Amino acid sequence: MDIEFSGHHHRAAYFHVVYIAYRPTLRMFASRAFLAVALASLYLAYQMNLAPDRTLPLLAAGRLMWHIVALLIFFLLLAEPFLAPVYVAIRLWRDPSVHVEWQGRVNTRGITFSASSRNILWDSFREMILEPDGIILKTGAAGFLSLPRDFFHSDSDWQRFCKLAETKVHLNASPGKTPGLRK
């Protein structure tokens, strides 16, 4: 029961897949927000009580540069988990192996790529994210494999692949789930 696939990754779809694979968890974002609020509180307390130029008003020109730098640091602290997947996508997209035609077959043992005869067993995958336009199979904290729906020759092949993947890998998201923070 081999299911064959072949196709090329498209830039926009690949960037979307990388974002979904690396998007921050709700817990990560909450801890970052808590850290940013704590640091902002400490910064404000310092500026109001301990700063050498505390005789100046809080929004004086002499203090304004410090406020701008502090705001940029707080923004980067909160935005970094959302910016990191973009950086990773750009770096991965530059890899020539992403641009070649991906061919292979899927069976009950795993996924085999034709060009390299590389076989990835189902046990290697820790998580599966099912999207309407493809499947993302995560191999760990940093690795993933994306197989878009258009890689498969027919809808029946796609459905068989989805059912096989669901039985072999833990399903993490429901089909059609909108991107955003995951739990």
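Keep in mind that this is a model prediction, so the values were computed, not measured. (Residues numbered from 1 in each chain as written. Predicted model: local features only at pLDDT ≥ 70, side-chain atom pairs only at ≥ 80, totals over all residues. Heavy atoms only, no water.)

## Some thoughts on the sheet that holds strand E2 (residues 102–106)
The strand order across the open sheet built from four strands is E1-E2-E3-E4, with neighbouring strands paired in antiparallel fashion. Edge positions in the sheet fall to strand E1 (3–7) and strand E4 (119–121), since each has one partner strand and no second. Averaged over neighbouring strand pairs, the angle between their axes works out to 20 degrees when direction is ignored. The pairing of E1 with E2 spans five bridges and is antiparallel. Opposite Gly7, over in E2, you have Trp102 as the bridge partner. Where helix H4 (residues 155–168) meets the sheet, its contacts fall on E1 and E2, and the angle it forms with E1 comes to roughly 110 degrees. (Pairing = 2+ DSSP bridges. Helix = DSSP H or I, 4+ residues; strand = E, 2+ residues; numbered from the N terminus. Axes fitted to C-alpha atoms, helices over the stretch in contact; angles between N-to-C directions. Contact = heavy atoms within 4.5 Å.)

## Focus on the pattern of salt bridges
One pass over the full model with this rule turns up five salt bridges. Across the salt bridge formed by Asp2 and Arg105, the nearest N and O atoms sit 3.6 Å from each other. Placement of Asp2 in the segment before E1 and of Arg105 in strand E2 is noted, with a sequence separation of 103 residues between them. Asp2 sits in the partly exposed class, given a relative accessible area of 40%. Take Arg105: its relative accessible area is 34%, and that puts it in the partly exposed class. The salt bridge partner of Glu4 is Arg105, with a shortest N-O separation of 2.8 Å. (Salt bridge = Lys/Arg side-chain N within 4 Å of Asp/Glu carboxyl O. Buried < 20%, exposed > 50% of the residue type's maximum accessible area, 1.4 Å probe, protein only.)

## A word on the confidence of the model for the protein
For the protein, the mean per-residue pLDDT works out to 85, and 90% of the residues sit at or above 70. When the criterion is pLDDT under 50, residues 173–183 qualifies, and its contacts beyond four places in sequence or with other chains add up to 29 contacts. (pLDDT = per-residue confidence, 0-100.)

## Observations regarding a nonpolar patch on the surface
A cluster of nonpolar residues, Leu59, Leu64, Met65, Ile68, Val69, Leu72 and Ile73, forms a patch on the protein surface that exposes about 680 Å² of accessible area. Tracing the backbone shows Met65 in helix H3 (residues 61–93). (Patch = residues over 30% accessible without salt bridge, like charges linked within 9 Å, V, L, I, M, F, W, Y side chains within 5 Å. Areas by Shrake-Rupley, 256 points an atom, 1.4 Å probe, with all protein chains shown as cover.)

## Notes on the nonpolar core
Within the largest apolar cluster, 23 residues are counted, with the highest numbers of intra-cluster contacts made by Ile111, Trp122, Ile135, Leu137, Leu145 and Phe161. Mapped onto this core, the elements with two or more residues apiece are E1, E2, strand E3 (110–113), strand E5 (127–131), strand E6 (134–138), strand E7 (144–148) and H4. Looking at this core element by element, the count peaks at five residues for H4. Setting aside anything within four residues of it in sequence, one finds Leu137 in contact with Ile111, Trp122, Phe125, Glu127, Met128, Gly143, Phe144, Leu145, Phe161 and Val169. Listed in part, the twelve residues of the second largest apolar core include Val17, Ala89, Trp93 and Val98. (Core = buried A, V, L, I, M, F, W, Y, C linked by side-chain atoms within 4.5 Å.)

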